[in-house]
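Observations on the three-dimensional arrangement
These are the residues of each chain, in order.
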Amino acid sequence: MAKGDLPVLVGVGQSLSQWDGTAGPAGAPSPLSLMVDASKAALADTGAAGIAEAIDTLAVVRIFEDSVRGAPHPHGHNTNLPGTLARDIGAAPAHLIYETVGGQSPQALVNEMAAKVFEGEIECALISGSEANRASKGARRHGVEINWADGADAEYEDRGTGPMMLSREEIKHGIVAPAYFYALFENAIAAREGRSRSEHRKAMAQLFQPFTAVAAKNPYSQFPVEHSVEFLSTPSKANYEYADPFLKWFIAQDAVNQGAAAIVMSSSKADELGIAEDKRVYLHGAGEGSDDFISVRPRLDGSFAMEAAISRALDQSGKTAADMAHFDLYSCFPCAVFSSTQALGVDWKTDKRPLTLTGGLPFFGGPGNNYSLHGIAEMVAKLRGDAGTFGLVLANGGWMTKEAVGVYSTAKPAEFTPVARYARPAEEIELCTESCVAKLETFTVTHGKEGPNKGIIFARLPDGRRALANASPAALAVLREDASPVGRSVKITVDGETGTFDFT
Ligand SMILES: CC(=O)SCCNC(=O)CCNC(=O)[C@H](O)C(C)(C)COP(=O)(O)OP(=O)(O)OC[C@H]1O[C@@H](n2cnc3c(N)ncnc32)[C@H](O)[C@@H]1OP(=O)(O)O
């Protein structure tokens, strides 16, 4: 293992199952089976023999059931996903890793494995991940027994669930689901653009309509249907209100059975194994950024972490956003794409380059932490067919809390620079936890099957501090109006640990 060897992606694979329990237990996938299928496809995709035996490092992206402390395993627990995956693909890696939580992890693992190859620590890494949440939901809904329990003796490095991404203050006010966090960003963007709810829904639908067209043509999409702007922007039974301004199809869909895998190795190992030049895709730039709890971020209409990760990756590659021919931008919610295109300086309304290669998390599917491994798989395939061009993958974790970016091309880079440590924000907003009068900064209304249930706001005091509060019944009715309430004066009364507000 020589130090300074150029890392290269040589194989990618994906898997998909539409199993949802309606036709009984036969053919039910598990997270492991989806990873095995995708990994075997990645091994075959290299076009060379002996790859499984060459894998010295195997890293698995953390699945949903292992991402929340104490979450149940309703279909049995696979206690060693890396070890069982290695067993089932005939590999015997010296290093097994079970990655920490976050949608950044596929790209972060590529960045890490590439750096380890370059440092001469490893020669060949397989990265894989999956979700079988469609199977899980379907099995429970239809009373079908499925069994995911498994295990292996091989030791693995468990990176755990990582630091908390939400604060006590946020939890107390009901900001507990990704859609609620992102709705606060989304309404901050709508307010900046001067849009009412219906106007912003139209803009979100215009952004996402082309994503649906890509998803409709992708054989690995879970929901391959092209939707109109009209359908996407209009509340209906099929497109119900979830967290204002989001309707169901503005949201990452987690009812998916999808797996993906990618193989990173040293160029000399690729030479030794006879991997053809036209299979090889290089990492030209890598960047990573992180952010604070949402309630203390100075800006809500954009992302510090995205800006940091994107600019670092582009700088490393010596390219600009204008040089990118292809993008796969994380799209769990429209605001993630509004924020990344803003950071890239790409005008989503007029730019001709597609912003997704898969179809995006609401339409291709949102397989938990692993979505961007599909983005990377699609990017590798796209670049092989468009040799010499460049593409950028942005992977996003938490609520724009952890970002990892990769710039790729089949062109051989003159040099490789390992990724720098995560950029960290320097500024944070002080919170006010007493009764106060403030100006509404952003908001959401959460919905259940019975309709709207909770109004949540952030408000800013004249001294710059921020307060969190929930809506009184009268204030909730105002939040439901089409006109944006952002900028209006509110009176917050704190009782115990939570604030309740009314409009003044
Ligand atoms: C970094 C990041 O990636 S952040 C993103 C992380 N990912 C997420 O947060 C995942 C978010 N997504 C989800 O939770 C899910 O995909 C959902 C809720 C959007 C859709 O889930 P599904 O399992 O497809 O639910 P589905 O739409 O089939 O709804 C189930 C039932 O509940 C009903 N329902 C659920 N919520 C509502 C609601 N708010 N209003 C009305 N009905 C509702 C549906 O109508 C449906 O009823 P039916 O069974 O009678 O037809």
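Residues numbered from 1 in each chain as written. Predicted model: local features only at pLDDT ≥ 70, side-chain atom pairs only at ≥ 80, totals over all residues.

**A closer look at the overall build of the protein**
Selection rule: Numbered from the N terminus, helices here are DSSP runs of H or I no shorter than four residues, and strands are runs of E no shorter than two. Both definitions apply: the radius of gyration is a C-alpha atom measure, and the globule rule equals 2.2 Å times residues to the power 0.38. With C-beta atoms placed from the backbone, a residue counts as buried when 20 or more other C-beta atoms lie within 10 Å of its own, as exposed when 12 or fewer do, and as partly exposed for counts between those limits. What counts as a contact is two residues whose backbone-derived C-beta atoms lie within 7 Å of each other.
The helix and strand inventory of the protein stands at 14 helices and 17 strands. Computed over the C-alpha atoms, the radius of gyration of the protein is 23 Å, within 12% of the 23 Å expected from 2.2 N^0.38 for a compact globule of 504 residues. Viewed in the frame of its principal axes, the protein has a C-alpha envelope of about 75 × 55 × 40 Å. Classification of the 504 residues of the protein by burial places 56% in the buried group. Contacts in the protein between residues at least 24 apart in sequence constitute 80% of all its contacts with a sequence separation of at least 6.

**Re the packing of helix α11 (residues 304–317) against helix α12 (residues 334–344)**
For clarity, the cut-off: Axis lines are fitted to C-alpha atoms, over the contacting stretch for helices. Their N-to-C directions set the angle, which ranges from 0 to 180 degrees. Orientation categories follow fixed angle ranges, with anything under 35 degrees roughly parallel, anything over 145 roughly antiparallel, 65 to 115 roughly perpendicular, and all other angles oblique. For any helix crossing, the convention is left-handed if the near helix is rotated counterclockwise from the far helix by under a right angle, and right-handed if that rotation is clockwise.
Packing of α11 against α12 leaves a shortest axis separation of 9 Å and a crossing angle of 45°. Taken together, the axis directions place α11 and α12 in an arrangement best described as oblique. Seen along the crossing, α11 lies across α12 with a hand that is right-handed. Here α11 contributes Met 306, Glu 307 and Ile 310 to the contact with α12, which in turn contributes Ser 339, Ser 340, Ala 343 and Leu 344.

**Here's the deal with the pairing of strand β3 (residues 95–98)**
On any regular strand, side chains alternate: one points to one face of the sheet, the next to the other face. Note the threshold: One requirement defines pairing of two strands: DSSP has to find at least two bridges between them. The definition of a right-handed crossover adopted here requires that, viewed with the strands pointing away, the path from the first strand over the helix to the second runs clockwise.
Of the pairings in the sheet, the one linking strand β2 (residues 57–60) to β3 comprises 4 bridges and is parallel in character. By the bridge assignment, Val 60 is partnered in β3 with Tyr 98. Between β2 and its parallel partner β3, the chain crosses via helix α3 (residues 81–89), and the hand of that crossover is right-handed. Both β3 and strand β5 (residues 157–158) contribute to a ladder of 2 bridges, which runs parallel. Within the sheet, the bridge partner assigned to Tyr 98 lies in β5 and is Asp 158.

**Quick look at the sheet that holds strand β12 (residues 402–409)**
Strand order in the open sheet made by the 10 strands is β5-β3-β2-β4-β8-β1-β9-β12-β11-β10, with mixed pairing throughout. Of all the strands in the sheet, the pair left with one neighbour each is β5 and β10 (324–329). Lying over the sheet, helix α5 (residues 133–142) contacts β4 (124–132) and β8 (257–266), oriented at roughly 25° with respect to β4.

**Section: the packing of helix α4 (residues 105–118) against helix α13 (residues 371–384)**
Here α4 crosses α13 at 60°, and the two axes come no closer than 7 Å. Considered as vectors, α4 and α13 are oriented oblique to each other. Listed contacts from α13 to Pro 106, Gln 107 and Val 110 of α4 are Ser 372, Leu 373 and Ile 376.

**Considerations on the domain arrangement of the protein**
Quick note on the threshold: In this document the domain limits rely on a domain assignment from an automatic tool or a database.
Per the domain assignment, the segments of the protein are domain 1 (7–164 + 254–409) and domain 2 (436–503). Between domain 1 and domain 2, the C-alpha centre-to-centre distance is 37 Å.

**Section: the UniProt feature "domain: Thiolase-like protein type 1 additional C-terminal" (unreviewed entry) in the protein**
Selection rule: UniProt positions are given in the numbering used here, feature names are shortened, and annotations may be inferred rather than shown by experiment.
Following the UniProt record, one finds the feature "domain: Thiolase-like protein type 1 additional C-terminal" (unreviewed entry) at residues 429–497. Within the segment residues 429–497, helix and strand shares are 10% and 52% respectively, and the terminal C-alpha atoms sit 19 Å apart.

**Here's the deal with the site of the ligand**
Let me state the cut-off plainly: Here, nearness means that the C-beta atom of a residue, built from backbone geometry, sits within 6 Å of the molecule or strand in question. Three classes are used, and their members are as follows: Ala, Val, Leu, Ile, Met, Phe, Trp, Tyr, Cys and Pro are nonpolar, Asp, Glu, Lys and Arg are charged, and the others, Gly among them, are polar.
By nearness alone, 20 residues border the ligand, and Gly 103, Pro 178, Tyr 240, Ala 255 and Cys 332 come closest of all. Breaking the shell around the ligand down by element, the ones donating at least two residues are α7 (178–192), β6 (241–243), β11 (390–397) and β13 (436–448). Broken down by class, the residue content of the shell around the ligand amounts to 8 nonpolar, 7 polar and 5 charged. Split by domain, the shell around the ligand shows at least three residues from each of two domains, domain 1 (7–164 + 254–409) and domain 2 (436–503).

**Some thoughts on the environment of Gly 24**
Relative to the assigned elements, Gly 24 resides in the loop between β1 (7–16) and α1 (31–45). For the pair Gly 24 and Ala 139, spaced 115 residues apart in sequence, the C-alpha to C-alpha distance is 8.6 Å.

**Quick word on α11**
Basically, it comes down to this: A helix's residues, less one, multiplied by 1.5 Å, set its expected span.
Between its terminal C-alpha atoms α11 stretches 20 Å, which fits the 20 Å expected from 14 residues at 1.5 Å a residue. A large share of α11 lies buried, amounting to 12 of its 14 residues. Burial in α11 covers these residues: Phe 304, Ala 305, Met 306, Glu 307, Ala 308, Ala 309, Ile 310, Arg 312, Ala 313, Leu 314, Gln 316 and Ser 317. With its phi angle positive at about 70°, Gly 318 sits one or two positions after the end of α11.

**Re unusual backbone geometry**
Residue Asp 244 is joined to Pro 245 through a cis peptide bond whose omega torsion reads 10°. Among the structural elements, Pro 245 can be located in the loop between β6 and β7 (246–247). Positive phi, close to 55°, is recorded for Met 400, a residue that is not glycine. Among the structural elements, Met 400 can be located in the loop between β11 and β12. Judged by the 28 C-beta atoms lying within 10 Å of it, Met 400 falls in the buried class.

**Some words on the environment of Thr 22**
Relative to the helices and strands, Thr 22 resides in the loop between β1 and α1. For Thr 22, a count of 10 C-beta atoms within 10 Å translates into the label exposed. Along the primary structure Thr 22 and Ala 135 are separated by 113 residues, whereas in three dimensions their C-alpha atoms are 9.9 Å apart. Excluding residues that lie within four positions of it along the chain, Thr 22 makes contacts with Gly 138 and His 142.

**Describing α13**
The end-to-end C-alpha distance of α13 is 21 Å, a good match for the 20 Å that 14 residues give at a rise of 1.5 Å each. The set of residues buried in α13 consists of Tyr 371, Ser 372, Leu 373, His 374, Gly 375, Ile 376, Ala 377, Glu 378, Met 379, Val 380 and Leu 383.

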